[in-house]
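One-letter residues, chain by chain:
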Amino acid sequence: MAETTIGSAAIPDTPARHVALMAGNFMPRFLTGLAILLGWEILVRAIAPAYVAKPTTVVLAIPRVITDPAFLQALGATLAAVAEGLAITIVAGTAIGLLMGRSNAVDRMIRVYINGFNALPMIIVLPLFSLWFGYSGAARIATIIFAAIFAITMNVADGARAVPREYLEVSRSFRSGRLRMLTDIVLPASMPYLLAGFRLAAGRALIGAVVAEFFLSIGGLGYYILYNSRSYHHNEAFVGVLLLAAFGVGFEVLVQWMTRRFLPWYRRDEKAG
Amino acid sequence: MQTYIRRHAPVWLSVLTGLALWEIAGRSTSAAFMVPFSETLVRLWQLITRGEFIAQFLDSAQLFLTGFVLALIVGAPLGLLLARVRVLRIGIEPYLMILYATPMVALIPFILSLMGFGFAPKVLVVFLFSVFPVLYNTVEGARSIKPELIEVAKSYRSSEWSLWREVMLPYTLPYMMTGVRQAIGRALVGMIAAEFFLSATGLGQLIMGASQDFDTAGVFASILVIGLIGIGLTRLGLKIEQHFARWRQ
């Protein structure tokens, strides 16, 4: 430990130094985590009724919950809906974003709506979607798409506009068509923006799914949490929350990893919104 | 004037086209599905003149402001403290990231069953939605400060106050304001979520009530108003962020 003086530029950036830094970070993190769990446990034991979730009872509930077929079914339903919604969102959102970024006419026509819908707190469409689609899975998919699509569209549009002019000029002098230019040059060059948009969109899709299940009372992870907390099974419900948190963090990690793995040419300091 | 027209004409044209399409779509479908723009306006006017709307709006505004201001009062000083005390920041950082990425809506059922239907649980929802963006972004800003800068400041024996003024604040405030912008949007979602899922009050109740009565015009009128409020607040957030972005290196 003694030979790593953190922060001086003279020390080369070696793997050994990274390990040392990680070790230096580990103890405060571990202790903070321990303090949070301990504080939670003591607080709940001291003042809350017995059914309230606390670390020890939540941990005991985990094996019971993840082997429960009802829970697995709920999890599958939510994940399938999120995956389907995100797939539609990525395809449609990217297409609209590319058009907006490369055509001023399209941009002027719809930007005001994209910005406007993006500023709308997404859950207010639930009463409307329940009128339109009924209390069904279709309303959940629609909510997920509505929650996620504008983040992708806005980011891809920004990315498509930021494509270096030289790329386009070269492709034009090789007489490539407009469509090929979009798919082979603008789309790959906008990838970092697409990923940044996806990061936002995935989080919002998750929220959209949970909120839709609360509102529409259709089966899924959100409804599982609602149902169990209503019937005083807080520990079981909290396992659902932990899983949602894991998905939220998982999306963040996935995007960071993909950016490093597939877009090494993209430097983070010029990142998108 | 000329440049104003040239710059804004496409926007107005696009808005007018959209409204015309809305009108046509509304007239050619069943009233249970969609109502035209004109009918939405008439319904909105009714809601306003009956006083229902103003009362609900004030109710929502009170909830939004209480939760959001609390989030700032807690989030900003705590964020700055984390920015200054390195050990605290490193310890709390990963948990902050987890809480920032967790969909807070999932906690609403617990809040409901522990705290019931009053005003306090709703404030808590708005608070939870909006406090983590402020904290998370402030810490992100603190991470962007090069350790060398603080070392230089210290070796020149700068006081705590000038260290804050010259190094800490210029680096962290712009990030914090990004957090404030995100928090405004999230607080609005939290406000509606609290009004939907805890006790129905405010604008959330206005829209839910309309939907339960199959009053499609009422639903559209409420969405229109909440949408305009959302756009206004988003603009405000962007203004605040841009104002401080000038400090950013």
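All figures in this text were calculated on a predicted structure; none of them were measured in a lab.

1. Side note on the overall build of chain A
Okay, step 1: The helix and strand inventory of chain A stands at 11 helices and zero strands.
Okay, step 2: For chain A, the sequential pattern of α-helices and β-strands runs α-α-α-α-α-α-α-α-α-α-α.
Okay, step 3: Taking contacts inside chain A between residues at least 6 apart in sequence as the whole, the part at least 24 apart equals 75%.

2. A short note on helix H4 (residues 86–101) of chain B
All names here are of chain B.
Okay, step 1: The terminal C-alpha atoms of H4, which comprises 16 residues, lie 22 Å apart, in line with the 22 Å expected from a rise of 1.5 Å per residue.
Okay, step 2: Helix geometry: H4 is bent most strongly at Ile-92, by close to 40°, with proline Pro-94 lying one to four residues after it.
Okay, step 3: All of the buried residues in H4 are Ile-90, Gly-91, Ile-92, Glu-93, Tyr-100 and Ala-101.

3. Topic: the interface of chain B and chain A
Okay, step 1: Residue-level contacts link 43 residues of chain B with 46 residues of chain A.
Okay, step 2: Taken together, the residues of the side of chain B that touches chain A sort by class into 31 nonpolar, 10 polar and two charged.

4. A few points about the nonpolar core
Okay, step 1: The biggest cluster of nonpolar side chains holds 131 residues, and the ones touching the most others in it are Ala148(A), Ala205(A), Val210(A), Val211(A), Val125(B), Val126(B) and Ala193(B).
Okay, step 2: In this structure, Val211(A) is in contact with Ile123(A), Leu126(A), Thr143(A), Val105(B) and Ala193(B), ignoring residues within four places of it in sequence.

5. Here's the deal with the environment of Ala183(B)
All names here are of chain B.
Okay, step 1: Along the chain, Ala-183 turns up in helix H8 (residues 160–197).
Okay, step 2: Considering only alpha carbons, one finds Ala-183 and Val-131, 52 residues apart in sequence, at a separation of 6.9 Å.
Okay, step 3: Ignoring anything within four residues of it in the chain, the contact list for Ala-183 reads Phe-68, Ala-71, Ser-130, Pro-133 and Val-134.

6. Some thoughts on helix H5 (residues 126–133) of chain A
Okay, step 1: Of the positions making up H5(A), those classed as buried are Leu126(A), Pro127(A), Leu128(A), Phe129(A) and Ser130(A).
Okay, step 2: On the buried face of H5(A), the contacting elements are helix H6 (137–161) and helix H9 (191–216) of chain A together with helix H9 (202–212) and helix H10 (216–245) of chain B.
Okay, step 3: Just beyond H5(A), the residue with positive phi is Gly134(A), at close to 75°.

7. What about unusual backbone geometry?
Okay, step 1: In this structure, Arg175(A) is a non-glycine residue whose phi angle is positive, near 60°.
Okay, step 2: Position of Arg175(A) relative to the elements: it lies in the loop between helix H7 (165–173) and helix H8 (178–189).
Okay, step 3: For Arg175(A), a count of 7 C-beta atoms within 10 Å puts it in the exposed group.
Okay, step 4: Phi is positive for Arg157(B), which is not a glycine, with a value near 55°.
Okay, step 5: Inspection of the secondary structure puts Arg157(B) in the loop between helix H7 (147–155) and H8.

8. Points about the confidence of the model for chain B
All names here are of chain B.
Okay, step 1: Overall, the prediction assigns chain B a mean pLDDT of 88, with 98% of residues at 70 or greater.
Okay, step 2: At the low end of the mean pLDDT range in chain B sits H7, at 82; at the high end sits helix H3 (residues 52–84), at 92.
Okay, step 3: At the level of chain-chain contacts, confidence expressed as ipTM amounts to 0.85, with global pTM at 0.86.

Procedures and definitions
- Residues numbered from 1 in each chain as written.
- Chains lettered and ligands numbered in written order.
- Predicted model: local features only at pLDDT ≥ 70, side-chain atom pairs only at ≥ 80, totals over all residues.
- Helix = DSSP H or I, 4+ residues; strand = E, 2+ residues; numbered from the N terminus.
- Contact = placed C-beta atoms within 7 Å.
- Expected span 1.5 Å × (residues − 1).
- Bend = angle between axes of the 7 residues up to and from the residue.
- Buried ≥ 20, exposed ≤ 12 C-beta atoms within 10 Å, placed from the backbone.
- Nonpolar A, V, L, I, M, F, W, Y, C, P; charged D, E, K, R; others polar.
- Core = buried A, V, L, I, M, F, W, Y, C linked by C-beta atoms within 7 Å.
- pLDDT = per-residue confidence, 0-100.

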